[in-house]
Amino acid sequence: MLKLALSIGIFAITSYIGFMYGETFRKRQNQLKEILKTLIFLKNDVLQCATPLAEALGNLDRKIDEPICSLINDTQNRLAEGDIDSIYHATSESYKNLKNEFNLEESDLKLMRDFCKSLGNSGVYGQEALFNMTIDELKIHLEDANEAAKKNIKLYRYIGMCLGAMIVIFLI
């Protein structure tokens, strides 16, 4: 009886670990979608409505989901306080505080860092080109994330279940 309970527990735990690790790929995919949505809203506010950047960031909190919302709010607060003068430094500091909530790859972070470094440093046409280039590049990252999620979610779920079954078989 104890052996059966231990076997079921081991199988359940390894399956759970496989499912949870597989979900990190879905989280990255969802976070990239939220970042894309954020950039589109920000582009519309800054370029079409001529809204100042700090105010445009404040308008986003009702339109986007976590953890991007927390990052944007923290960045906006840092800019509003006046402690930090560039959006790049404000976003970098905010990201350091919220790093554990994100599942982004280094290439995603590099794209966002480059965007934040250039934001606000050129005229309207330069900003429009920056937004368009970043949105196009982010769409490519999103396609890669979709492919990776499609392959890896099933893979890690099955690996977790197979590992659990293998351990149970060895114990029996």
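Below is a summary of the structure that appears in this document. (Residues numbered from 1 in each chain as written. Predicted model: local features only at pLDDT ≥ 70, side-chain atom pairs only at ≥ 80, totals over all residues. Heavy atoms only, no water.)

On to the overall build of the protein. The number of helices and strands found in the protein is 6 helices and 0 strands. Beginning at the N terminus, the succession of helices and strands in the protein can be written as α-α-α-α-α-α. Along the first, second and third principal axes, the C-alpha set of the protein runs to 70 × 30 × 25 Å. Considering only residue pairs separated by 6 or more positions, the protein has 67% of its internal contacts joining residues 24 or more positions apart. By element, 59% of the accessible surface of the protein is carried by carbon and sulfur atoms, the whole surface being about 10,400 Å². One finds the centroid of the 20 positive side-chain charges in the protein at a distance of 9 Å from the centroid of its 23 negative side-chain charges. (Helix = DSSP H or I, 4+ residues; strand = E, 2+ residues; numbered from the N terminus. Contact = heavy atoms within 4.5 Å. Areas by Shrake-Rupley, 256 points an atom, 1.4 Å probe, with all protein chains shown as cover. Lys, Arg positive; Asp, Glu negative; His and termini not counted. Charge placed at Lys NZ, Arg CZ, Asp CG, Glu CD.)

Let's shift gears to the environment of Asn59. Mapped onto the elements, Asn59 comes out in helix 2 (residues 53-59). According to the relative accessible area criterion, Asn59 is partly exposed, its value standing at 23%. Put simply, Asn59 and Leu42 are 17 residues apart on the chain and 8.8 Å apart in space, counted from C-alpha to C-alpha. Sequence-distant contacts of Asn59, that is, excluding residues within four places in its chain, are made with Asp45 and Thr51. (Buried < 20%, exposed > 50% of the residue type's maximum accessible area, 1.4 Å probe, protein only.)

Just geometry here; none of it tells us what the structure is for.
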